[in-house]
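Below are the chains, spelled out letter by letter.
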Amino acid sequence: MSSKYILIADSGSTKTDWAYIHMETGNYQPVQSAGINPFYQTTEEIIPVLQSQVVPGIGGDIEEIHFYGAGCANEQSSLPVTNALKHCFPSSTVVEVASDMLGAARGLCGHEPGLACILGTGANNAFFDGHRIAHSIGSLGFWLGDEGSGSYLGKTLVVHYLQNELPEDLHESFTREYPGLDRLTVLDHAYKKPYPNRYFASYSKFIAENRTHEFIRDLLSNAFGLFVKKYVLKHANAAQYPVHFTGSIAYYYQDILRAVLENNGLKTGRILKSPLEGLIGYHLSDLKA
């Protein structure tokens, strides 16, 4: 029996989910590491993450690597990840580094056409024709877009808090949970410290804890509605295709998300916390084809 393996990664800005898959049996071992994003990290910064958090969790020959990640928009932008993977896994004959959007599309749609959307720390969307991404309403990232994402929700919540726009009971709860939080602290994280998207996304914990509050439900509904309006509905014939989602925000608030989709005349497809399971099936089916 072959002892060769495939390594698949689904990487966001916060964490990376890896699957170490035996090519013959399809059995796999999950591994998790910190998020890897070439927009923020160099090859020299990525290599230690792989060496300390990924390499120790696997063994055997890695024949193929398929890495899907935030910030991997094209060959040039993906180069820090590609170089780091080749350095850490020199025996791999195939090293594919592609966007997290392509990973989501393959994992959600398989080989069928559909709309694939990401709502995690960040947000993205694409129409997948069953073979490739045929159309996308480009994401403008944390500062200019990401509507509906964890970072957007957290940023919106914090702004409401600092501008005294939260209902009194929520304001008091927020103050107890984040004592001492003030405008200068938030501005420092927003404009001076690294990964402002992760910082604001961390406040989605408060949203989860208070998800039954009417204000929070409205905040979620409005954010998802904005995502649908700005991205999903701009795809031609959007109502004809299933609208799939992946990411923790979509997964944990899928009841509100489903209602927003229904109100906009859209068909809800798969809603997965991670596209990794679908990606495993996608690549194994390609090997057997």
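Here is a short report on the structure shown in this document. Small disclaimer: the values here were computed from a predicted structure and weren't measured.

**With respect to the nonpolar core**
- Among the nonpolar cores identified, the biggest contains 45 residues, and Leu119, Phe174, Phe224 and Phe245 are the most heavily contacted of them.
- Among the elements that take part in this core, helix 10 (residues 214–230) stands out by supplying seven residues, more than any other.
- In this view, phenylalanine 224 contacts Leu119, Gly148, Ile249, Tyr253, Ile256, Leu257 and Val260; residues no more than four positions away in its chain are not counted.
- Grouped together as the second largest cluster of nonpolar side chains are 23 residues, Ile36, Ile47, Ile58 and Phe67 included.

**Observations concerning the pattern of salt bridges**
- Scanning the entire structure with this criterion turns up nine salt bridges.
- With its nearest N and O atoms 3.7 Å apart, the salt bridge here joins lysine 193 to aspartate 188.
- Note on lysine 193: relative accessible area 39%, which makes it partly exposed.
- We note a salt bridge from aspartate 255 to arginine 217, for which the minimum N-O separation is 3.7 Å. Here arginine 217 lies in helix 10 and aspartate 255 lies in helix 12 (residues 254–263), a separation of 38 residues in the sequence.
- The exposure class assigned to aspartate 255 is partly exposed, which follows from its relative accessible area of 38%.
- A single network of salt bridges, built from pairs that share partners, joins Glu177, Lys205 and Glu209.

**Some details on the packing of helix 1 (residues 43–53) against helix 2 (residues 75–88)**
- Their axes nearest at 9 Å, the elements helix 1 and helix 2 cross at an angle of 45 degrees. Here helix 1 is positioned oblique relative to helix 2, judged by the angle of their axes. Of the two possible hands of crossing, helix 1 and helix 2 adopt the one that is right-handed. For the pair helix 1 and helix 2, the contacting residues are Thr43, Ile46, Ile47, Leu50 and Gln51 in the first and Leu79, Pro80, Val81, Asn83, Ala84, Leu85, His87 and Cys88 in the second.
- Split into classes, the residues belonging to the contact of helix 1 with helix 2 amount to nine nonpolar, four polar and no charged.

Thresholds, definitions, all that
Residues numbered from 1 in each chain as written. Predicted model: local features only at pLDDT ≥ 70, side-chain atom pairs only at ≥ 80, totals over all residues. Heavy atoms only, no water. Core = buried A, V, L, I, M, F, W, Y, C linked by side-chain atoms within 4.5 Å. Buried < 20%, exposed > 50% of the residue type's maximum accessible area, 1.4 Å probe, protein only. Helix = DSSP H or I, 4+ residues; strand = E, 2+ residues; numbered from the N terminus. Contact = heavy atoms within 4.5 Å. Salt bridge = Lys/Arg side-chain N within 4 Å of Asp/Glu carboxyl O. Axes fitted to C-alpha atoms, helices over the stretch in contact; angles between N-to-C directions. Parallel < 35°, antiparallel > 145°, perpendicular 65-115°, else oblique. Left-handed = near helix turned anticlockwise from the far one by under 90°. Nonpolar A, V, L, I, M, F, W, Y, C, P; charged D, E, K, R; others polar.

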